[in-house]
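# Summary of structural features
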Number of protein chains: 2
Amino acid sequence: MTHPEAAVLGVYETVLYARDVEATARFYAGPLGLRALEASEGLGAVFRLDDGGVLLIFDPERASEPGRYVPAHGARGAGHIAFSVGAGGLAAFAVRLQAAGIEVEREITWGQGGRSLYVRDPAGNSVELIEGEAWPA
Amino acid sequence: MTHPEAAVLGVYETVLYARDVEATARFYAGPLGLRALEASEGLGAVFRLDDGGVLLIFDPERASEPGRYVPAHGARGAGHIAFSVGAGGLAAFAVRLQAAGIEVEREITWGQGGRSLYVRDPAGNSVELIEGEAWPA
């Protein structure tokens, strides 16, 4: 008989916060090209990533209200997320971001060989796109 | 000739914030069983997930200091993350969490068939473990 393991497989939901959920969601659906799902709760935007993960954009005021069906949360200030892109994806995104008038805040080549570029979403969150690895295996 | 695509593959880094990084990191390395990497920057803790993703625990005071090598970020207040677990994983985690004296704040069965349990990390972030799906494909 096998014993079910208490093991985490990966991150299923990542959350970023934005007071203006709609404007921020347009950034992720537009220049970043993420696929939006219907958000049943009405308090945020939901995106499904190609690897099965989910990105949530929540209004921290509403997400932190007590008495919600799910446990309350909600952070203020700039958050951070990094998205992985495939080979050639970083160059392709650089072109698309420039066309959309989005300024690249920083570009970094990591010791692990990966390369990143950083932009800000409309809420001020630091958004990184990375091709390759920034951390050891 | 193929044209490189500006396409996001998935979330590479997810960040949670904690003033006491060490105490919070012990929660993720202990009861949650995540694998810690050496954090070269010294301002946070880094965990590698089995699917290749990375979880960062950062002190928001230090991560938001201007003049860092990477763009500044740092949020205050409770964040949220959901981790996927395999078949039987939720029951196994319930046993492990109880043994560690960690209270389950809420259990939910989703319309999509998935089941979740929620706990708090030492910094107050809402941590969800989910078996199956909470969102449409």
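Quick notes on the rules
- Residues numbered from 1 in each chain as written.
- Chains lettered and ligands numbered in written order.
- Predicted model: local features only at pLDDT ≥ 70, side-chain atom pairs only at ≥ 80, totals over all residues.
- Contact = placed C-beta atoms within 7 Å.
- Helix = DSSP H or I, 4+ residues; strand = E, 2+ residues; numbered from the N terminus.
- Nonpolar A, V, L, I, M, F, W, Y, C, P; charged D, E, K, R; others polar.
- Pairing = 2+ DSSP bridges.
- Least-squares fit on C-alpha atoms with pLDDT ≥ 70 in both.
- pLDDT = per-residue confidence, 0-100.
- Buried ≥ 20, exposed ≤ 12 C-beta atoms within 10 Å, placed from the backbone.
- Arc of directions from axis to C-beta.

On the chain B side, the residues contacting the 60 residues of chain A number 60 residues. Put simply, the parts of the chain that give the side of chain A that touches chain B at least two residues each are strand 1 (8-17), strand 3 (44-48), strand 4 (54-58), strand 5 (74-78), strand 6 (80-85), helix 3 (89-99), strand 7 (106-109) and strand 9 (126-131) of chain A. Among the elements that make up the side of chain A that touches chain B, the one with the highest residue count is strand 1 of chain A (nine residues). Each residue belonging to the side of chain A that touches chain B can be placed in one class, and the counts come to 35 nonpolar, 15 polar and ten charged. Inspection of the sheet shows strand 6 of chain A paired to strand 1 (residues 8-17) of chain B by five bridges, in the antiparallel sense. Bridge assignment links Phe83(A) to a residue of strand 1 of chain B, and that residue is Val11(B).

The two chain copies are related to each other by a rotation about an axis together with a translation along it. Expressed as a screw operation, the relation of chain A to chain B combines 0.0 Å of axial shift with a rotation of 180°, fitting to an RMSD of 0.0 Å. The two molecules are tied by a two-fold rotation axis, judged by turn and shift. Of all interface residues in chain A, 100% are interface residues in chain B too; the two copies therefore contact each other through one and the same surface.

Let us look at the confidence of the model for chain A. Per-residue pLDDT for chain A has a mean of 94; in total, 94% of the residues score no lower than 70. Reported for the predicted complex are a pTM of 0.95 and an ipTM of 0.95.

What follows concerns helix 3 (residues 89-99) of chain B. Residue and element names in this part refer to chain B. For helix 3, the full list of buried residues reads Gly89, Leu90 and Phe93. All buried residues of helix 3 lie within an arc of 90° about the axis, which places them on one face of the element. Across from the buried face of helix 3, at angles greater than 90 degrees, the exposed residues are Val95, Gln98 and Ala99. Check the buried side of helix 3 and you find it contacts strand 6 (80-85), strand 8 (115-120) and strand 9 (126-131). Just downstream of helix 3 lies Gly101, where phi reads positive at about 75°.

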